[in-house]
Number of protein chains: 2
Amino acid sequence: MVSMNRRDPVPQDVPGDAATPGTDGRGKRRSPLTSQIVLQAALELVDVEGLEALSMRRLGHKLDRDPMALYRYAANRDALLDGLTELLLDQWVISGAGPGDADWPWQDQLRQAAHGFRLLVLQHPHVMPLLVTRPLSTPLGLRPLGALRPLEQLLAVFTRAGFGPSGALHAYRAYYGFLIGHVINELEEFVVNPDEDDTGLRLGLHRLPAKDFPHLRRLASQLLDYDGQAELDQGITIVLRGLQSQLESPAGPQ
Amino acid sequence: MVSMNRRDPVPQDVPGDAATPGTDGRGKRRSPLTSQIVLQAALELVDVEGLEALSMRRLGHKLDRDPMALYRYAANRDALLDGLTELLLDQWVISGAGPGDADWPWQDQLRQAAHGFRLLVLQHPHVMPLLVTRPLSTPLGLRPLGALRPLEQLLAVFTRAGFGPSGALHAYRAYYGFLIGHVINELEEFVVNPDEDDTGLRLGLHRLPAKDFPHLRRLASQLLDYDGQAELDQGITIVLRGLQSQLESPAGPQ
DNA sequence: TCTCTCAATCTACACCGTAGAGTCTACGGT
DNA sequence: ACCGTAGACTCTACGGTGTAGATTGAGAGA
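Brief notes about the overall build of chain A
Scanning chain A for helices and strands turns up 11 helices and zero strands. The secondary structure elements of chain A, listed N-terminal to C-terminal, are α-α-α-α-α-α-α-α-α-α-α. Looking at chain A as a whole, 48% of its 254 residues qualify as buried. Sequence separation of at least 24 residues holds for 67% of the intrachain contacts in chain A that already meet a minimum separation of 6. In the structure as shown, chain A presents an accessible area of about 12,800 Å², 53% of it carried by carbon and sulfur atoms.

Focus on the protein's contact with DNA strand D
Taken together, 21 residues surround DNA strand D, and among them Asp66(A), Tyr73(A), Arg57(B), Tyr71(B) and Arg77(B) come closest. By atom count, sugar and phosphate contribute 56% of the portion of DNA strand D lying within 4 Å of the protein. For DNA strand D, a phosphate oxygen lies 2.5 Å from a polar atom in the side chain of Tyr73(A). Within the backbone of Arg77(B), one N or O atom sits 2.8 Å away from a phosphate oxygen of DNA strand D. It is helix H2 (residues 56-62) of chain B that provides the largest number of residues to the surface near DNA strand D, a total of three residues. Its residues placed into classes, the surface near DNA strand D shows nine nonpolar, two polar and 10 charged.

Focus on the protein's contact with DNA strand C
Around DNA strand C sit 21 residues, and of these Arg57(A), Tyr71(A), Arg77(A), Asp66(B) and Tyr73(B) come closest. The sugar-phosphate share of atoms of DNA strand C within 4 Å of the protein amounts to 60%. Contacts to DNA strand C include Met56(A), whose backbone N or O atom sits 2.9 Å from a phosphate oxygen. One nitrogen or oxygen atom from the side chain of Arg65(B) is found 3.2 Å from a phosphate oxygen belonging to DNA strand C. Broken down by element, the residue count for the surface near DNA strand C peaks at three residues, all from helix H2 (residues 56-62) of chain A. By residue class, the composition of the surface near DNA strand C is nine nonpolar, two polar and 10 charged.

Things to note about empty space enclosed by the protein
Counting across every chain of the model gives six cavities of 30 Å³ or more. Taken as a whole, the largest cavity encloses approximately 310 Å³ of empty space. Forming the boundary of the largest cavity are 20 residues, of which Leu89(A), Pro135(A), Arg143(A), Ala147(A) and Glu188(B) lie nearest the centre. For the lining of the largest cavity, the secondary structure elements donating two or more residues are helix H3 (77-89), helix H6 (145-161) and helix H7 (165-189) of chain A together with helix H7 (165-189) of chain B. Sorting elements by how many residues they give to the lining of the largest cavity places H6(A) first, with four residues.

Looking at the interface of chain A and chain B
On the chain B side, the residues contacting the 62 residues of chain A number 62 residues. Across the interface of chain A and chain B, roughly 5,700 Å² is buried in total on both sides, 65% from carbon and sulfur atoms. It is Glu152(A), Arg173(A) and Glu188(A) that lose the most area in chain A upon contact with chain B, and together they represent 12% of the buried surface on that side. Taken together, chain A and chain B are joined by four salt bridges. As a salt-bridge pair, Arg173(A) and Glu189(B) come within 2.6 Å of each other at their nearest N and O atoms. Linking chain A with chain B are 20 residue pairs in polar contact (both at pLDDT 80 or more). At the level of elements, helix H5 (128-133), H6, H7, helix H9 (214-218), helix H10 (220-224) and helix H11 (228-248) of chain A are the ones that each hand at least two residues to the side of chain A that touches chain B. No other element matches the 17 residues that H7(A) contributes to the side of chain A that touches chain B. Its residues assigned to classes, the side of chain A that touches chain B comprises 35 nonpolar, 17 polar and 10 charged.

A look at the environment of Ile238(B)
Summarising the element assignment, Ile238(B) is placed in helix H11 (residues 228-248). Contact partners of Ile238(B), with chain neighbours within four places excluded, come to Ile238(A), Val239(A), Gly242(A), Leu243(A) and Gln246(A).

Examining the relation of the copies chain A and chain B
Each of the two chain copies goes to the other by way of a rotation about an axis and a shift along it. Take chain A, turn it by 180°, move it 0.0 Å along the axis, and it overlays chain B with an RMSD of 0.1 Å. In symmetry terms, the pair is related by a two-fold rotation axis.

Some words on unusual backbone geometry
Backbone geometry places Asp64(A), a non-glycine residue, at a positive phi of 60°. Mapped onto the elements of the fold, Asp64(A) is located in the loop between H2 and H3.

Details of H3(A)
Residues and elements named next belong to chain A. Compared with an ideal rise of 1.5 Å per residue, which puts 13 residues at 18 Å, H3 spans 19 Å between its outermost C-alpha atoms and is within 8% of the ideal. Packed against the buried residues of H3 are helix H1 (35-49), H2, helix H4 (106-123), H5 and H6. Of the residues that open H3, the one with a side-chain oxygen 3.2 Å from the backbone nitrogen of aspartate 78 is asparagine 76.

Some points on the environment of Gln246(B)
Looking at the element boundaries, Gln246(B) is found in helix H11. Accessibility expressed as a relative area gives 24% for Gln246(B), which makes it partly exposed.

Some details on the packing of aromatic side chains
Residues and elements named next belong to chain B. According to the stated counting rule, one finds 16 aromatic pairs over all chains in the structure shown. Between tryptophan 92 and phenylalanine 117, the ring centres sit 4.7 Å apart and the planes meet at 55°, which makes this aromatic pair tilted. Here phenylalanine 117 lies in helix H4 (residues 106-123) and tryptophan 92 lies in the loop between helix H3 (77-89) and H4, a separation of 25 residues in the sequence. Look at tryptophan 92 and you get buried, because its relative accessible area is 3%. Ring plane angle 75° and centroid distance 6.0 Å describe the contact between phenylalanine 117 and tyrosine 176, whose orientation is recorded as edge-to-face.

Thoughts on H11(B)
Between the first and last C-alpha of H11(B) there are 30 Å, a value that for 21 residues agrees with the 30 Å anticipated at 1.5 Å per step. For H11(B), the complete set of buried residues consists of Gly228(B), Glu231(B), Leu232(B), Gly235(B), Ile236(B), Ile238(B), Val239(B), Leu240(B), Gly242(B) and Leu243(B). On its buried face, H11(B) sits against H7 and H11 of chain A together with H4, helix H6 (145-161) and H7 of chain B.

Re the environment of Ala113(A)
All names here are of chain A. Along the polypeptide, alanine 113 turns up in helix H4. We classify alanine 113 as buried; its relative accessible area is 2%. C-alpha of alanine 113 to C-alpha of proline 150: the two residues are 37 residues apart in sequence and 9.9 Å apart in space. If near-sequence neighbours (up to four positions away) are discounted, alanine 113 is found in contact with Trp92, Val93, Ile94 and Tyr175.

Conventions adopted
- Note that residues are indexed from 1 along each chain, following the sequence as it is written.
- Labels are handed out in written order, letters beginning with A for the chains and numbers beginning with 1 for the ligands.
- With the structure being a predicted model, the display of local features is reserved for residues of pLDDT at least 70 and the display and counting of side-chain atom pairs for 80 or more, all residues being used for whole-chain, interface and lining totals.
- As a rule here, side-chain values come from all non-hydrogen atoms in the structure, and water together with hydrogens is ignored.
- Runs of E in the DSSP output that reach at least two residues are strands. Runs of H or I that reach at least four are helices, and both are numbered from the N terminus.
- Each residue's exposure class comes from its accessible area (1.4 Å probe, protein chains only) as a fraction of the maximum for that residue type: buried when under 20%, exposed when over 50%, partly exposed otherwise.
- In this analysis, two residues are considered to be in contact whenever any of their non-hydrogen atoms come within 4.5 Å of each other.
- Only the protein chains shown count as cover for residues, and all accessible areas are computed by the Shrake-Rupley method using a 1.4 Å probe.
- Any residue with at least one heavy atom within 4 Å of a molecule or strand is counted as near it.
- Counted as a polar contact is a pair of N or O atoms within 3.5 Å, where, for protein atoms, one must be capable of donating a hydrogen and the other of accepting one, and residues adjacent in sequence contribute only when both atoms are in side chains.
- Three residue categories are used. Nonpolar comprises Ala, Val, Leu, Ile, Met, Phe, Trp, Tyr, Cys and Pro, charged comprises Asp, Glu, Lys and Arg, and polar comprises the others, including Gly.
- A 1.4 Å probe that fits into a set of points on a 1 Å grid over the protein atoms alone but cannot get out defines a cavity; an open set with protein on both sides within 12 Å along at least five of seven lines defines a pocket, and lining residues are those with an atom within 4 Å of a point.
- Grid points are joined across faces, edges and corners, and a volume is the space filled by probe spheres set on the points.
- What gets called buried area is simply the loss in accessible area from a 1.4 Å probe that two parts show on being joined, summed for both.
- A carboxyl oxygen of Asp or Glu within 4 Å of a side-chain nitrogen of Lys or Arg is what we treat as a salt bridge.
- Least squares is used to superpose the copies, and the fit set is the C-alpha atoms of residues whose pLDDT is at least 70 in both copies.
- Take the residue count of a helix, subtract one, and multiply by 1.5 Å to get its expected span.
- Under the pairing criterion, centres of Phe, Tyr and Trp rings, with the six-membered ring standing for Trp, must be within 6.5 Å; the plane angle then separates stacked pairs below 30 degrees from edge-to-face pairs above 60, leaving the rest tilted.

Following this line, the structure appears as structure tokens:
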């Protein structure tokens, strides 16, 4: 076994913030974990070392607990992953969903929400696969509430925009589908070795046979000065324009 | 409850005869594997039992070989997964990319390609996570050629449509982003237990607190008669219309 | 016959998720 | 002061995983 790693002594002594049992915790016994703490540690582990590094044993080590201690806070590893996606989705702010700010144009709300989502995912790129993968194994209604809140709020925005129930659902799908597709695209084009000189080399495009990939090879420079924010903004403009035209068309949103 | 999946102590002795090599040396020595055979078997395994079931040992068992024999055809498990995504992407037919059928409108080509992609993924839903996840860890130029061919062909279509290099790239991103987003959406809404009676029950929507999720709960029936093909078609219409307007605008495709 | 090469196998190691049982501590009741 | 209890945690063990390294065995060519 490796030497004990104690560089990360867990923000204890903060008993007030979570629904912890009545432990005062100033004795020799460490204050108990909470699922909040566990999930936060898991997120840090994933952010720093990637998804593969998130094992119960490694997480237990990071928290200075036996791996089995984690099973009090997550039924199993899958539940831990689900918790991570919820932790992230719950941070997605969709303003304009409440009754307060109804006067703000819905297009602007959706545009801002899209940029917020993009930034959120870019801050935790390794979690992205979870956002795609985890919901696949859970029926919609059984997902954690925190993961459904964005859906509900988006439906509210579309409803206030004038869409009927069915129209709001269609609009949501077009919107969220494009959004998640864009983020995947952006992450996939992320360059791994930004300290390379030649643009072709940096992307490895030199390897491609010129005969079979003429267009791709010509794009080296354009691929490098990729502006994800502008790209998203243009795309969202297209989608919103399309949705608006649906709203105005006679065969409208019902 | 959370019992593990341990009901098959000894799987069948049948060495997955699908895709057996044609040349069967009647002698004691079996004809050697090929990476084609290995990948095909891996795909079948994933299709039938899901991604988790694809382990070197299980695949070796299916092929009636020692697990280590596979390492001659795939450097490691990750390479196997990459091979799977290539195997799938390589089946994506994008007609109109060759010089022959240039007269066919590019919008129709892209629409058909989109539907083809959707059908392809629906036939292998468990592979979808790979399509999203795998390219994240490989710089664009270093991906297998089979995985880059669709990109190149789409660029060709956009170029012939009148986009300049940079415009074609933007168009590709909007198109493919929406496409992959849609498929993710569709797979996520797939209902797991279609033998349930009540629509609310089937989706688990009854669990949601009515106060916090009014819109979502109202959508039970609409969620159930989801027509992915029509949905994709509408979305692709929106995207194509947006792209075309970019083509015609003066600040156009450059 | 002897050797070379390829395909496949055998053995072993470190790691993984997690079931089941045991341990330690603080607290409430008496 | 004592005990019982319940909660938080730890120990041990089992079967699974990817894969490095050494080994086998069967043609092909000399």
